[in-house]
Amino acid sequence: MNRAYSRLLPLTLAMLLIGNAHADVSSPSQATPSGTYRTALGGLQFTGSHLETTSNGYTVESGNLMGKDGVAGGMVVVRSPDGAVTAFIEREDGRGILQVDTEGKRTFSQDVDQVFPRNHEIDQPVQNSNSVDAYAPDNMNYIDALVGFTAKALAAREVDPMAFALGQMEWVNLSLRNSKVANIELRLAGIRITDEDIPVTTAGLANWQRQLNAQRPHYRHDINVGFSVGGDAGGWAYRPGNSSVNSIHGTSPFKHEMGHNVGGGHCYPNAGDNYKHGYNGGGGFTTNLCGNSRPYYSTPDVTVNGSVIGNAKTANMARLWREQAHRLSSYSPAFEGARLIYVSSQDQARLTVAPAQARLRVGVVARSSDVGPTSLTYGGAGITTLTVKLTDSRGVERPVKLRAQRQVPGCPGQATTMNSYVVCHPVNGGAQFMLSYEKSDNPELPSGWYNGTVELEARNIDDKNWSLPILVSLAVRS
Ligand SMILES: [Zn+2]
């Protein structure tokens, strides 16, 4: 099977299946106004080189920070659907996270300096050394990440978990683009939040790996990423491997730890006489594994500020990424459908399941009647109650009630039950799916975090052959 085809973006998939590739699915992505973060950049210029809106409505933007001598840092800006901004800023004299809430209130949270101890990666036996052959540069290799947070870590830095997780993925993607590694991309597959304290230690790494690996049949992800607080390092990772634990107090520890998962060591010859290292370019320019000061993986093929940022014999992480992409994207088969990630700190999660298109009558159903309605209906305004079994931090399973609705673009104020296929006017059509959690719907639920997944399906009443599976990741606090 052609990997690239099987891993198309959900929206593109929906459009292809519905058969109108020219449908306007959403307004074009808009960059966050530079006035939002300018004062935090210390005179550096942001060269936003990448801008996208995720299917969940978050906008992700990234690029380098330019000073008078060239590349002097990097920035990732994530904007939530309600307009709150989380900007991750990396520059020589200040690393931190700027948050601007929906009322315009600004908070800058400086990183707490965390060392990467000399040997904070745990070597693992290499299982498949010939994966070089499997890398097909013309096909996308998507690496889907399940991200876990401890409640203690979120309390320590008070970040929006969705924005933080998307931002950490983007630091790696920015580094790959900067280093001209094409067709490898990290994606967020789900978020879990635990009341258990899992620190940034080797035991914490093993704990995150055990817990998140156990969830693979449900989230269909490839790599495990934990964000924690406390412990003895900025991060720990298996080398090579697919798990890391990272300090929430870093702006971008994960792009370093991910380099270890790929199989890299620090600066040559930390990992032996080979090319699997980061690179120190001098003048404060270091790549992710050998200093972690700029969003780059070492490569002899890229020149920055007048210097090559790698060496074919001693520092070529770009090569190692290409060799390991197949392994890293193959821990689970690709989920063929759309993902919706809901954390109950958001008012509501929203997913476009069918593009705005005249007379396109699409609704969403449950796969099991224990969860919710399993067929489409000619229904009107209203709310569907979904009942989903989620587990607490000790593994106890509880039924949790969620609110689900559907909105047709161009039919404002007329959110229907999720399984309705009614459109307000023949010129309207398409569907957005909305999900939320209300404490008042769950008066019996003991306090704490509950996590899990549920599978739903979008259907078209006029085309029995079309459906779009929806895999929902849920992290709910009672
Ligand atoms: Zn390291």
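Please read these numbers as outputs of a predicted model, since none were measured by experiment.

Side note on the overall build of the protein
Point 1. Within the protein one finds 8 helices and 25 strands.
Point 2. The C-alpha radius of gyration of the protein comes to 22 Å, within 12% of the 23 Å expected for a compact globule of 478 residues.
Point 3. Oriented by its inertia axes, the alpha-carbon framework of the protein measures out at about 65 × 50 × 45 Å.
Point 4. By residue count, 56% of the 478 residues in the protein fall in the buried class.
Point 5. For the protein, the proportion of contacts with a sequence separation of at least 24, taken over those separated by at least 6, is 65%.

Some details on the packing of helix H4 (residues 161–178) against helix H7 (residues 253–262)
Point 1. With their axes 8 Å apart at the nearest point, H4 and H7 run at an angle of 65° to one another. In this structure, H4 crosses over H7, and the sense of that crossing is right-handed. In contact with Gln 168, Met 169, Trp 171, Val 172 and Ser 175 of H4, H7 contributes Pro 253, Phe 254, Lys 255 and Met 258.
Point 2. Among the residues forming the contact of H4 with H7, the class breakdown is 6 nonpolar, 2 polar and 1 charged.

Notes on the packing of aromatic side chains
Here a ring pair, both rings aromatic, is described through the centre-centre distance and the interplanar angle of the planes.
Point 1. Counted by the stated rule, this structure contains 8 aromatic pairs.
Point 2. With a centroid separation of 5.0 Å and an interplanar angle of 85°, the aromatic rings of Phe 164 and Phe 227 are classed as edge-to-face. Highlighted residues: Phe 164 in helix H4 and Phe 227 in strand E10 (residues 223–228), separated in sequence by 63 residues.
Point 3. Classification of Phe 164 by relative accessible area gives buried; the value is 0%.
Point 4. An aromatic cluster is defined as three or more aromatic residues linked by ring pairs; in this entry it consists of Phe 88, Phe 149, Phe 164 and Phe 227.

Considerations on the sheet that holds E10
Point 1. Strand order in the open sheet made by the 6 strands is E7-E11-E12-E10-E8-E9, with mixed pairing throughout. The open sheet has two edge strands, strand E7 (121–123) and strand E9 (184–194), and neither has a second partner. The sheet shows a mean angle of 20° between the axes of neighbouring strands, direction not considered.
Point 2. Strand direction decides the pairing type here: strand E8 (residues 141–150) and E10, joined by 5 bridges, are parallel. Counted as the bridge partner of Ala 145 is Ile 223 from E10.
Point 3. Packing against the sheet, H4 makes contact with E8, E9 and E10, and its axis sits at approximately 155° to E9.

What about the sheet that holds strand E1 (residues 45–53)?
Point 1. One open sheet accounts for 6 strands, arranged E1-E2-E3-E4-E5-E6; its pairing is antiparallel. Each having just a single partner strand, E1 and strand E6 (106–110) make up the two edges of the open sheet. Taken over all neighbouring pairs, the strand axes of this sheet differ in orientation by 20° on average, direction set aside.
Point 2. Sheet topology note: the strand E5 (residues 94–100)/E6 ladder contains 5 bridges and is antiparallel. By the bridge assignment for E6, Gly 96 is matched with Gln 110.
Point 3. This element, H4, spans E1, strand E2 (59–67), strand E3 (70–79), strand E4 (85–91) and E5 of the sheet and lies at about 145° to E3.

Overview of the confidence of the model for the protein
Point 1. Mean pLDDT for the protein: 90, with 90% of residues reaching 70 or above.
Point 2. Note on residues 1–26: pLDDT under 50 across the span, and 53 contacts to partners over four residues away in sequence or across chains.
Point 3. Counting interchain partners and residues more than four positions distant, the pLDDT-below-50 stretch residues 128–133 has 5 contacts.

Quick word on unusual backbone geometry
Point 1. Between Arg 239 and the following residue, Pro 240, the backbone shows a cis peptide bond with an omega angle of -20°.
Point 2. Each neighbour pair has its own omega, and for Tyr 268 with Pro 269 the value is 5°, a cis peptide bond.
Point 3. Note that Pro 269 resides in the loop between H7 and strand E13 (280–282).
Point 4. Phi is positive for Asn 292, close to 65°, though the residue is something other than glycine.
Point 5. Mapping Asn 292 onto the fold places it in the loop between strand E14 (285–286) and strand E15 (299–304).
Point 6. At Asn 305, a residue that is not glycine, the phi angle is positive and equals roughly 50°.
Point 7. Relative to the elements of secondary structure, Asn 305 occurs in the loop between E15 and strand E16 (307–309).
Point 8. Taking the relative accessible area as the measure of exposure, Asn 305 reaches 40% and is therefore partly exposed.

The rules behind these values
- Residues numbered from 1 in each chain as written.
- Predicted model: local features only at pLDDT ≥ 70, side-chain atom pairs only at ≥ 80, totals over all residues.
- Heavy atoms only, no water.
- Helix = DSSP H or I, 4+ residues; strand = E, 2+ residues; numbered from the N terminus.
- Rg over C-alpha atoms; globule rule 2.2 N^0.38 Å.
- Buried < 20%, exposed > 50% of the residue type's maximum accessible area, 1.4 Å probe, protein only.
- Contact = heavy atoms within 4.5 Å.
- Axes fitted to C-alpha atoms, helices over the stretch in contact; angles between N-to-C directions.
- Left-handed = near helix turned anticlockwise from the far one by under 90°.
- Nonpolar A, V, L, I, M, F, W, Y, C, P; charged D, E, K, R; others polar.
- Phe/Tyr/Trp six-rings, centres within 6.5 Å; stacked < 30°, edge-to-face > 60°.
- Pairing = 2+ DSSP bridges.
- pLDDT = per-residue confidence, 0-100.

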